[in-house]
Amino acid sequence: MSSAFVKAKLKAARDAIGKKDYQTAHDTSLQVLDHEPENYNAKVFCALSLLELGRIDQSEQAYQSAIKLNKKQPLAWQGLCKTYERAEKWDQCIDSLIELAKIHENAEDATKCAETIQKVVDLRREHGTRLQLSAALSLYLPESPFYSTLSSLPPPDLTNPTSVTTTASQSAVHNSLPVLEEMVSLNQTEEKETFEREVAKRRTRLNAGSLQNIKTEVGREVFGNSKLPDLYDEILNHPNTSDELRRSTESKQLRHKQDHLVALPPDDPRKRQLAAEVDKQVSGMVLLRIPDELAWSTFIDGQDCETIEGYDFSILRQYSELFPNAAVAKLIQAYLSYLGIPLSNGDEGKPTHAGSLDDVFSAMLDNASGLQTSILARRIMSRVYLDDQDYQAAMTVAEAGLELVNRHRNDTGTELTLARKSFNAVLAISLVHWYPPKHHTRALRILEEVLSQDPAHVDCLMGRGYVFQHAENWLEAASCFSRVLDALSENTRTRIRAQEERAWCEVKLHQLDNGINELREVLQLLEEEEESDEDKSRSWWRLGKAYWEMGSDHFEEAFQQYITSLKHYPTFAPAFTSLGIYYSEAANPPDPIRASKCFQKAFELDAREGDAARRLAEGFAEEREWDLVEVVANRAIEGEGGFEDSQEVIAGRYLPVNAWAWKASGVVHLSRRNYPPAIQAFQIALRADSEDQLSWVRLGEAYSKAGRHAAAFKALHHAQELKPDDWMCGYLIADVHRQTGRFQDAIASFHSILEAQPNEPGVLTSLARAHIDLGLSELSTGFIARAQNSFVTALQVAFVFLETNTGFHSFAWKVVADAIYHLSRISSFTDETSIRAILARASSYLTSDPGERLAGSVSIPIELSDRLTGLDALKVAVAAYSHRISLGLLGAAATSSAWFDFGLSLFNLARRTLPEGEQQDKALKQALASIKEAIRAQPGEDSYWRALGDMNFVSQPKVAQHAYIRALEIDPKSVDVWTSFGLLCLYHNDTELANEAFLKAQTLDPDHTMAWVGQALVATRNGHHSDSRTLLEHAVSLSADVPEADIGYSTREFNQYLKTPHDSSSLSDLFPAFFTLDRYLKRRPDDASALHLFGLVCERIGHIELGIERISHAIAVLEVEYEESEDPMIERQFVIANTTVARLRLAAQDYDGAMNSFQTALGLLSEDEESKVLRCQCLFGLGLASFKLGTLDTAIENFEAALAAAGDELHMRGHATVLLAQTLWATGSEEGQEAAKAQLLECITQDPENLAAINALAGMGILTGDDSLIDAALSELISLPLDLRHRRDPKRDSSYLLEQHHLGQGNFTLALSEAQKAIHAEPSHGDARRALATLLLQGGEPAVARAVISQGPDDDIANVRKSIGLRAVAKALAKNEGSLKEACMLAHKAVMLAPWDHRSWDVLAYVKGHH
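Reading the values: the criteria
- Residues numbered from 1 in each chain as written.
- Predicted model: local features only at pLDDT ≥ 70, side-chain atom pairs only at ≥ 80, totals over all residues.
- Heavy atoms only, no water.
- Salt bridge = Lys/Arg side-chain N within 4 Å of Asp/Glu carboxyl O.
- Helix = DSSP H or I, 4+ residues; strand = E, 2+ residues; numbered from the N terminus.
- Buried < 20%, exposed > 50% of the residue type's maximum accessible area, 1.4 Å probe, protein only.
- Core = buried A, V, L, I, M, F, W, Y, C linked by side-chain atoms within 4.5 Å.
- Contact = heavy atoms within 4.5 Å.
- Axes fitted to C-alpha atoms, helices over the stretch in contact; angles between N-to-C directions.
- Left-handed = near helix turned anticlockwise from the far one by under 90°.
- Nonpolar A, V, L, I, M, F, W, Y, C, P; charged D, E, K, R; others polar.
- Polar contact = N/O pair within 3.5 Å; in protein donor to acceptor, adjacent residues only side chain to side chain.
- 1 Å grid on protein atoms, 1.4 Å probe; cavity = no way out; pocket = protein on both sides within 12 Å on 5 of 7 lines; lining within 4 Å.
- Points joined across faces, edges and corners; volume = space filled by probe spheres on them.
- pLDDT = per-residue confidence, 0-100.
- Phe/Tyr/Trp six-rings, centres within 6.5 Å; stacked < 30°, edge-to-face > 60°.
- Lys NZ or Arg CZ within 6 Å of the ring centre and 35° of its normal.
- Expected span 1.5 Å × (residues − 1).

**Digging into the pattern of salt bridges**
Here comes step 1: One pass over the full model with this rule turns up 62 salt bridges.
Here comes step 2: With a closest N to O distance of 3.5 Å, Glu 52 and Arg 86 form a salt bridge. With a gap of 34 residues between them, Glu 52 in helix H3 (residues 40-52) and Arg 86 in helix H5 (residues 74-87) connect regions that are remote in the sequence.
Here comes step 3: Residue Arg 86 is classed as partly exposed on the basis of its relative accessible area of 41%.
Here comes step 4: Here Glu 500 makes a salt bridge to Arg 542, at a shortest N to O gap of 3.0 Å.

Shown next, in the form of structure tokens:
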């Protein structure tokens, strides 16, 4: 019954599937499986129905379950393949198809197996990668496990391919060549793309190597795993392969092997085997004359021959015939034609040159330029260049050839020893003859290497001999030439030249007779040679030099040989040099004109004639023709190869032949201010003679002027060691000291020189300049008195110069005027007597104003004022600058400098002293004209244009803008000009452009103070006040001396302090302003505004006495200024200063002095509205001073007057009312106390937020026990919002008053509650925490008090100092040994922090008592 049930259900499921009723089929299958879980067909039907129902995952699981039951049944595999195909899971589908093919293969069902394989290929072709398709196609090949089954299929019927379903498989099995070709194509494309993709990816990695290294690494991976070599072999071995396909496949195989060979590292064992395979394949292709250009090029470049003639010319001809359009073929043809060798074996006896020799040479050049990787091309061109004596090109080509030989070794693992030797020989010989002896060190090393391999190498022996000749090692040179003579038996040109050189060596070894005889023998041999005129000329000249060496008796005979030499070769330069020496030294009488002409001719013909060049330069120097000296020196340097390489290379390895030329070039560059080339020239000259003291001096001077001071010191000290008594060297050392800011050392050095060279003008000038520089340094650091002494000393030295030297007075007056001008920057002098004397001495020279150059700004003769100031010095400086112009100037630089100095000083004088009007306009016009005169004389000086811009800053902004732009065109990196331009833009409301200019200045010099100041001004203009404050703070922190920044920063800090609420702990906020103002006043001690601001800062931070001192000084300055100008503004400043100093005297308890100052100010005040505040403050101060002096009636009168003067101004009225009430209360009378209460009540009625009045009223109520008054005052106090109360009461007096009131009433809880409210309102307020802690200590809660204090602010020393006593008491009340010990330590620390505070001592006594 069971079997029948299953069969019935399976039939029902099959019928349902046939009807496409998949749900029924699924349910029926499940019924079968419930009854028989291992039923294969039921699982298959279930899986199929699930697939059609769209439940693919469940279908896949069902098929997998069926396969587990029976792996050899194809039904489930077919269904699984269909499922994967429906789900587009192609890899799983392919795997399933392969398994299905295996089932068919085992069943020997070739047709179904082929159909399955075809489906695999089709799917891979449609959905797979190239490599996957290639793997699928490989299933048709003999290596496939299915091949035996597939091969049983009959051959395809190509006439009816659709008759069967396996035509594709039949075709592939019975002819696999198309399959192989497709696989090759797929693998080639995949490898190419993989290679390019990997190279591109790896190039972006960090620390990636060079592109070539990356390609090699990737190639090693790609080619090492490639299947192409096997596929190429299969195609080549295939019986159906055509000759054309065979050739193309061999070509591809060769290239693939070569790429793989190149990618393998040299130590890889596969490289040697692969190289042998490549060589075998290449040799076979050449032997069979297969037209593959790569094979032929590889074969030719792999030949290892000593000479080009060693190549098989028949192979070269065959190459030319096979590839007539190839560049190598054309080069071979041109070279054969160049050598006169027939182009083919059948061309003997025919003309070998296809055109002129120039055409042949051009053809070689044109074709060789594109053959950068051909060893043969490099060998041909190196030899051609060497024969043509183009040594530089021969060197370049030979070095490139050696690189190719190295690459060939790395690529193939085989060494081309003979080719390397050939390239080395060409390189060495070229180095010998290229600017000898510049490259001889390198050449000799290569020559020795070649000769170690081939001791009889003639060309290298000749080159070695030439090297020894230039080194004047005549014995070794003669030995080399003798070895050449032994190696050559026939009288070739090389042998004759070797004999000539050996004879020349004998002459130089003073074996004159042997040398002369051998030279004559050489001349006889040369008579038989064609085109030997130059050799004959050289031999005759050498014969003449031999006779010259024999002494004066043979000079005439030598002269005849020189003439004979020039007859054979009229352009032989050494003969002209020798003739010139003859005319200048041996002729009777000497003929310098002819000698000079001979030297000129020799030098024109050959720049290497150093002797002729030196004699020419000496002659031109005697005639002071310095331009010609420079021309000769530069050409002599060029002739020895001095300009061949970059200057860096020259400076590193070049040894000069003509050191005199480098010295001359260095001097010329030094005079023209071209310091880097001058330095290099002197360095090179010193390599030839390191003991040349003058060259060391010049080198040190060049270093100094180039700003390389450390190097200058070294060079000059070395020069001084060589010649200790050279005062010029000491002078230069002192000047370097001056440039580096070591002014004292410079001054000491100048004085030591003057002891040996008294009154030396240059030394005196430099000494005076050193004193000026020292004074400027001292002035910038605030040492005003020292700076004055330095300027005075500079003037004294300058006057010594004027008295002891009759010339160069304009230089001395430059020093005089500069020193006085810098003195004028000091407003008052510490040693007025010496300053007056020196100014009077300078004024005695200044007795006229030629051409009214001073424009009425200075009266001549100059009269110094009774109280000497900087303005007197400025007047003398202006006159001194004018006097310098009157003395006459030499050169554009001096002229422009004089007019610039005069114009700038006159401009400053006119702006500072002359009132606005016609006289000032005239002086300013003269100043502008002077600056323009300076620009005309030297338009390339950016500082002159900047000065022009500064002078037109306000009046003519367009002119100023043009001037700044011209200055920036001259020096785009001038920080000062960028800053000035930014300030101009800012002044005229172009904030964006101003900001860009300041940013540019900051980029060029981040420490330029004025650029930061400008940025701060821009930020202020844009409303960014916080940024502005930060920028200005940074500006004043820089080291530059910019007083304007100091005063600007201090003013802002003080205003910021006034705007924000503050208490005693915030006084440190004013410390930066205090220090910057102090620094400012050291530079400008008479600035009344700064003095007054400094006094206000001192008042805030508690430096009362210093504040009184500064304000008193300001009052004195203002008094003098008012007497001179009677300016109402100065009068008002005078009143304010007196008010301030009076207030300070009140603080200092100098009540009489305070009253005098207040009365002085009050007496100068008018009755206008503007003076109301000052008048009120003066009366208020007078009342307070009277109160302190005990004159209460007077105090009351003054307070009542202040109250009347305040008018409706509630703030002033409130202060006056409170003090009036306190004074009335102090009278002690009942009437006075009632009047005081009435005043306060009236004040509170008018100004309910006046906390001072409320606090005073509450205090009076507490003192009198008037509860109603206390309640009224406290109700007013409590009704105020907390933030308003804190803003009106920065010292928190109201909180203290409330706490004391509650304590007075015995209500400790309310007092504690008030203190806690204060902390909740301001948790960071230190005083509130200390008040609460005090109450807690009084209430017996030391632990809580300690916790409150410990959570308080400890960010500054003031808070720590105030809190530490309470912490000590809290610890002491803990009453344990550890706490008492710690309390004692805290109490001691409190005394150390504030020894003046009696409470610290009280705390210590209390703790000690507990201890």
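**Overview of the nonpolar core**
Among soluble globular proteins, nonpolar side chains are generally buried collectively.
Here comes step 1: One finds Tyr 319, Met 364 and Ile 380 to be the most contacted residues of the largest nonpolar core, which totals 133 residues.
Here comes step 2: When residues no more than four places from it in sequence are discounted, the contact partners of Ile 380 are Ile 308, Leu 331, Tyr 335 and Met 364.
Here comes step 3: In terms of nonpolar packing, the next biggest core, distinct from the first, is built from 117 residues, Leu 699, Val 792, Ala 842 and Leu 914 among them.

**As for the packing of helix H55 (residues 1071-1083) against helix H56 (residues 1088-1101)**
Here comes step 1: Where H55 meets H56, the closest approach of the two axes is 10 Å, and the angle between their N-to-C directions is 150 degrees. As for the relative orientation of H55 and H56, their crossing is left-handed in sense. Side by side, H55 and H56 meet where Phe 1071, Phe 1074, Leu 1077, Asp 1078, Tyr 1080 and Leu 1081 of the first sit next to Ala 1090, Leu 1091, Leu 1093, Phe 1094, Val 1097, Cys 1098 and Ile 1101 of the second.
Here comes step 2: For the contact of H55 with H56, the residue count by class is 12 nonpolar, no polar and 1 charged.

**Quick notes on the environment of Thr 1051**
Here comes step 1: Summarising the element assignment, Thr 1051 is placed in helix H54 (residues 1043-1059).
Here comes step 2: The class for Thr 1051 is partly exposed, based on a relative accessible area of 31%.
Here comes step 3: Polar contacts involving the side chain of Thr 1051 include one to the main-chain carbonyl oxygen of Ile 1047, which spans 2.7 Å.

**What to know about empty space enclosed by the protein**
Here comes step 1: Inspection of every chain in the model, using the stated rule, returns 2 cavities of 30 Å³ or more.
Here comes step 2: The space that makes up the second largest cavity amounts to roughly 30 Å³.
Here comes step 3: At the level of secondary structure, the elements contributing two or more residues to the lining of the second largest cavity comprise helix H17 (313-322), helix H18 (327-339) and helix H20 (375-387).
Here comes step 4: Looking at the lining of the second largest cavity element by element, the count peaks at 3 residues for H18.
Here comes step 5: The class makeup of the residues in the lining of the second largest cavity is 8 nonpolar, no polar and no charged.

**What about the confidence of the model for the protein chain?**
Here comes step 1: For the protein chain, per-residue confidence averages 83 on the pLDDT scale, and 90% of positions sit at 70 or higher.
Here comes step 2: For residues 348-354, every residue scores under 50 in pLDDT, and the model assigns this stretch 10 contacts once sequence neighbours within four places are set aside.

**Here we look at the packing of aromatic side chains**
Here comes step 1: All chains considered together, the criterion is met by 23 aromatic pairs.
Here comes step 2: Pairing Tyr 319 with Phe 323 gives two aromatic rings, centres 5.1 Å apart and planes at 55 degrees, and the pair type is tilted. The two residues Tyr 319 and Phe 323 agree in class, both being buried.
Here comes step 3: Its end group placed over the ring of Phe 603, Arg 635 keeps NZ or CZ at 5.1 Å from the ring centre.

**Some remarks on helix H6 (residues 90-106)**
Here comes step 1: Over its 17 residues, H6 runs 24 Å from end to end, which matches the ideal 24 Å to within 8%, given 1.5 Å per residue.
Here comes step 2: When we look at burial in H6, the residues that qualify are Trp 90, Cys 93, Ile 94, Ser 96, Leu 97, Ile 98, Leu 100, Ala 101, Ile 103, His 104 and Glu 105.
Here comes step 3: At its buried positions, H6 is contacted by H5, helix H7 (110-127) and helix H9 (147-150).

**So, unusual backbone geometry**
Here comes step 1: Between Pro 436 and Pro 437 the backbone carries a cis peptide bond, its omega angle lying at 0 degrees.
Here comes step 2: Residue placement: Pro 437 occurs in the loop between helix H22 (417-433) and helix H23 (440-453).
Here comes step 3: In the segment running from Asn 588 into Pro 589, the intervening peptide bond is cis, with an omega of 0 degrees.
Here comes step 4: Note that Pro 589 resides in the loop between helix H30 (573-586) and helix H31 (592-605).
Here comes step 5: Residue Lys 20 is not a glycine yet carries a positive backbone phi of 65 degrees.

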